[in-house]
Structures are given as structure tokens and as C-alpha cells.
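Here's the letter readout for the chains.
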Amino acid sequence: MYDIAIVGEGPAGMTAAIYATRAGLHTVILERAFSGGQMSTTPEIDNYPGLETISGFELSMNMANHAKKLGAEVMRANVTGFDFSPGENIIRTSSGDITAKTVILALGASHRALDVPGEEKYKGLGVSYCATCDGNFFRGRDVCVVGGGNTALEDALYLSKLCDRVYLIHRRDAFRGFDALVRRINETENITLVLDSVVTEISGNERVSAVTVKNVKTDETSEISVSGCFIAVGMKPNTELLEGKIKLTSSGHIDAGEDTATNLPGVFAAGDIRNKISYQIITAASDGAVAAHMAGIYITERG
Ligand code: NAP
């Protein structure tokens, strides 16, 4: 039996693994895909202390190698269910069951859909949720980015280097993202702001050729010709497998405080899956460190 099973290999999970293994705890990280989670596809990170600028991929690899060097085991498997029981939790995976005295849930969050006609039909045919993954396919084309948070702003800036024109469509006239990014957006000649506007339809033939946009103040509708529509309207926590098993908030996040403790003894929640104020790489990493510390205390106290 493992001391700690960490589910998810993003910054929260990898930091938890670094702290847990350094504390001598027998630790496994379960991850279905690749190291880094959302961080791995972030083009440029310039707010992680001590690293002026680093690509998300490089930071992901650095964290993963750090955890592995300290002795964390990584198991590539799809988690299919949880049976929580104090001191002996079972995690069901595509490669068999794992048992652990404590569990750190660090499954992160996934892209939210826009839920408009055409979105589902053109997924992979012009509709994308990842500018760094798919931007290259739209070199020299016109595209749009939908959203007003940091992801949308970063995506628009990234795409402006590849594409002819980037329409940044946001439902309000003020952005939620960092001022520094907004300044860079305003200084970028080939980004056109389409504010107070929502996308009502994504259309095309075999691939996307246009989006229909409605101005929410005037109700006026117009069509913008684009080959790609990058949707960046926020994230939803990956808690589907946990519904009915652990206390969630109304937004679907795990209800855990700054100590990362959930309503279940020995089960902790770290990173974007937890209800928190700031969803950043640094705060996910911070959660990971706290969760590993708390798991260690739980194991010691249980004896
Ligand atoms: P976010 O901050 O939640 O922003 C989502 C954006 O989408 C908001 O502007 C929102 O509009 C808009 N939106 C939501 N639903 C919509 C809908 N149905 N139709 C149209 N627009 C819709 O999400 P995010 O940008 O993915 O960022 C998630 C978290 O990661 C944030 O905490 C962010 O700061 C963090 N992050 C940090 C960095 C970094 O530090 N470099 C980079 C990326 C993300 P309203 O503003 O009107 O609500």
C-alpha cells in the first residue's frame, strides 16, 4: 500500500510528489495523459517566481523530472473510480486498483464549452480549445478567440504571431485578464477587439468559415469570416468521478480550505480542482506542498 496516491500530474500533483518523497513517504502519481496538465500547453509563463520567462512545457518537464529524481513513481493510467475509506483508499484504474493510506486529488480542470450551434460539429475542423496545440494549422489565416480571461488574452497574443488577423471576441467591454496582457493586446496591430459581443453560431462547410456575433448592447448581428475559432471561456473542475463521494461546492469544485482538507479524513484536494480564490500555477504548487504536508501529518497521527 502506498502512503500517498496523487491523482493528476499538473503543478499541484507534481509539487505534492516532490514534498511527499522528500518527507520519505511512499508516493505514486496517477496520470492518464502527460506531465504538466494545462501548464504544459501554456506558451510562455512569466509569473513563476525565479523564472523570468519559461515555456509551460519546459516547466512541466522540470517539475516531472524533479519529482522522479526524488523517487516518485508515475503510473500512466486512466482513473475510473474511487472507494474512499479512512487509512485504506482504493483508486480504480484502467491498469488495476491502487491502495493508499491518503489521497491527494489534483485532477485540475478542463475547458468549458461555449454551447453554441456548430461548436460540436466543427471540433477539430476549425474549433479548438488550445491555441498552442492547434495554432500552427492556421498560419496566415484569420481566426477568432472567444473569452476575456488570461487564457483568451494569451491565446490571442500567441495566435497574432502566426495568423493574419485575430478577432478577440468578449462579452463585456472590460477584460478579466491581467492589465499587462491587455496592454500587449492593445499594442498588437493585427488583433481586432470585438467587445460587448457573443458568438451565437459557428458555421462553415467542411471546416469553419465564419462565426456569427451578436452585440449584446445593440442586439445587432454580424458575421466574421474566420478559419479558426479558439474558445477560451474558462475551465470546469474535473470532479465528475467524485460526485456523490466527496463534498463539492455549487460550482463543482471540491470544498476544501487552504489546508486542502476535504470532508473525508486522509483525502486532500490541491490545485484547480479545489474551490479557491486564485487559480495560478504558483497557487496550485502551493496547494500541492500543503496537501503533502497534511497527508504526512495524517499518516503520523494514525500511526
Ligand atoms: P477565466 O478567467 O474564468 O475567464 C473566462 C472568460 O470567458 C471570462 O472573460 C468570461 O467572461 C468569459 N466567458 C465565460 N463564459 C462565457 C460564455 N458562455 N460566453 C462568452 N464568454 C464567456 O478563465 P481562463 O482565462 O481560462 O483562466 C482560468 C484561470 O487560470 C484564471 O484564474 C486565470 O487567471 C488563470 N490563468 C493564469 C494565467 C497566467 O497566470 N499566466 C494564464 C492563463 C490562465 P466574463 O469576464 O464576462 O465573466
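The shown structure was predicted, so the numbers you read here are calculated from the model rather than taken from an experiment.

Asks: Explain the domain arrangement of the chain to me, and be specific about the residues and the numbers.
Replies: The domain architecture assigned to the chain consists of domain 1 (2-110 + 235-302) and domain 2 (113-231). Relative placement of domain 1 and domain 2: their C-alpha centres are 32 Å apart. Summing both partners gives a buried area of about 500 Å² for domain 1 against domain 2, and 53% of it is carried by carbon and sulfur. It is Thr 41, Pro 43 and Glu 44 in domain 1 that bury the most area against domain 2; as a group they hold 67% of the surface buried on that side. Put simply, domain 1 and domain 2 have zero salt bridges between them. On the surface where domain 1 and domain 2 come into contact, there are one residue pair in polar contact (both at pLDDT 80 or more). Tallied by class, the residues present in the side of domain 1 that touches domain 2 amount to one nonpolar, four polar and one charged.

Asks: Could you give an account of the layout of surface pockets, with specific residues and numbers?
Replies: By volume, the second largest pocket amounts to about 200 Å³. Considering the residues around the second largest pocket, the lining is formed by Thr 15, Ile 18, Tyr 19, Tyr 48, Leu 51, Leu 59, Asn 62, Met 63, His 66, Ala 285, Ser 286 and Ala 289. For the lining of the second largest pocket, the leading source of residues is helix 2 (residues 56-69), giving four residues.

Asks: Which residues make up unusual backbone geometry, and what values do they have?
Replies: With a phi close to 50°, Asp 196 is a non-glycine residue in the positive phi region. Mapped onto the elements of the fold, Asp 196 is located in the loop between strand 11 (191-194) and strand 12 (197-204). The backbone phi angle of Thr 260 is positive, close to 65°, even though this residue is not glycine. Assignment of secondary structure puts Thr 260 in the loop between strand 16 (235-237) and strand 17 (267-269). The class of Thr 260 is buried, set by a relative accessible area of 0%.

Asks: Break down the packing of helix 4 (residues 150-160) against helix 5 (residues 179-187) for me, citing the residues and quoting the values.
Replies: For any two helices packed against each other, one specifies the inter-axial angle together with the distance between the axes. Running from amino to carboxyl end, helix 4 crosses helix 5 at an angle of 35°, the nearest separation of the two axes being 10 Å. The crossing of helix 4 and helix 5 is left-handed. Residues Asn 150, Leu 153, Glu 154, Ala 156 and Leu 157 of helix 4 form the contact with helix 5, whose participating residues are Leu 181, Val 182, Arg 184 and Ile 185. Residue composition of the contact of helix 4 with helix 5, by class: six nonpolar, one polar and two charged.

Asks: Lay out the nonpolar core in plain terms, naming residues and giving numbers.
Replies: Val 7, Leu 30, Ile 91, Ile 98, Leu 105 and Ile 254 are the most contacted members of the largest nonpolar core, which has 22 residues in total. Looking at this core, the element that brings in the most residues is strand 6 (residues 96-105), giving four residues. The residues touching Ile 98, leaving out its near neighbours within four places in the chain, are Tyr 2, Ala 5, Val 28, Leu 30, Met 75, Asn 89, Ile 90, Ile 91 and Thr 93. Counting 21 residues, the second largest nonpolar core, distinct from the first, contains Ala 270, Ala 292, Ala 295 and Tyr 298.

Asks: Could you give an account of the site of the ligand, naming the residues involved and the relevant values?
Replies: Looking at the ligand, there are 20 residues lining it, with Asn 47, Glu 154, Arg 172, Arg 176 and Gln 280 nearest. In this structure, an oxygen atom belonging to the ligand sits 3.3 Å away from a main-chain N or O atom of Gly 149. Contacts to the ligand include Tyr 279, whose backbone N or O atom sits 3.3 Å from an oxygen atom. Protein chains shield 79% of the accessible area of the ligand, which is 910 Å² for the free molecule. Residue contributions to the shell around the ligand peak at three residues, all from helix 4. Classifying every residue of the shell around the ligand gives six nonpolar, nine polar and five charged. Formed jointly, the shell around the ligand draws a minimum of three residues from each of two domains, domain 1 (2-110 + 235-302) and domain 2 (113-231).

Asks: Explain the packing of aromatic side chains to me, and be specific about the residues and the numbers.
Replies: With the rule as written, the count across this model stands at two aromatic pairs. Plain terms: the ring middles of Phe 138 and Phe 230 are 5.3 Å apart, the flat faces sit at 75° to each other, and that makes the pair edge-to-face. On the criterion of sequence distance, the pair formed by Phe 138 in the loop between helix 3 (131-134) and strand 9 (142-146) and Phe 230 in strand 15 (residues 228-231) is long-range, its members being 92 residues apart. For Phe 230, a relative accessible area of 0% translates into the label buried.

Asks: Explain the packing of helix 1 (residues 11-22) against helix 6 (residues 281-302) to me, using residue names and the numbers behind them.
Replies: Between helix 1 and helix 6, whose axes approach to 7 Å, the crossing angle comes to 35°. For the pair helix 1 and helix 6, the crossing hand works out as right-handed. Facing Pro 11, Ala 12, Thr 15, Ala 16, Tyr 19 and Ala 20 of helix 1, the residues of helix 6 in contact are Ile 281, Ala 284, Ala 285, Gly 288, Ala 289 and Ala 292. The class makeup of the residues in the contact of helix 1 with helix 6 is 10 nonpolar, two polar and no charged.

Definitions and limits used
- Residues numbered from 1 in each chain as written.
- Predicted model: local features only at pLDDT ≥ 70, side-chain atom pairs only at ≥ 80, totals over all residues.
- Heavy atoms only, no water.
- Domains from an automatic or database assignment.
- Buried area = accessible area lost by both parts, 1.4 Å probe.
- Salt bridge = Lys/Arg side-chain N within 4 Å of Asp/Glu carboxyl O.
- Polar contact = N/O pair within 3.5 Å; in protein donor to acceptor, adjacent residues only side chain to side chain.
- Nonpolar A, V, L, I, M, F, W, Y, C, P; charged D, E, K, R; others polar.
- 1 Å grid on protein atoms, 1.4 Å probe; cavity = no way out; pocket = protein on both sides within 12 Å on 5 of 7 lines; lining within 4 Å.
- Points joined across faces, edges and corners; volume = space filled by probe spheres on them.
- Helix = DSSP H or I, 4+ residues; strand = E, 2+ residues; numbered from the N terminus.
- Buried < 20%, exposed > 50% of the residue type's maximum accessible area, 1.4 Å probe, protein only.
- Axes fitted to C-alpha atoms, helices over the stretch in contact; angles between N-to-C directions.
- Left-handed = near helix turned anticlockwise from the far one by under 90°.
- Contact = heavy atoms within 4.5 Å.
- Core = buried A, V, L, I, M, F, W, Y, C linked by side-chain atoms within 4.5 Å.
- Near = heavy atom within 4 Å.
- Areas by Shrake-Rupley, 256 points an atom, 1.4 Å probe, with all protein chains shown as cover.
- Phe/Tyr/Trp six-rings, centres within 6.5 Å; stacked < 30°, edge-to-face > 60°.

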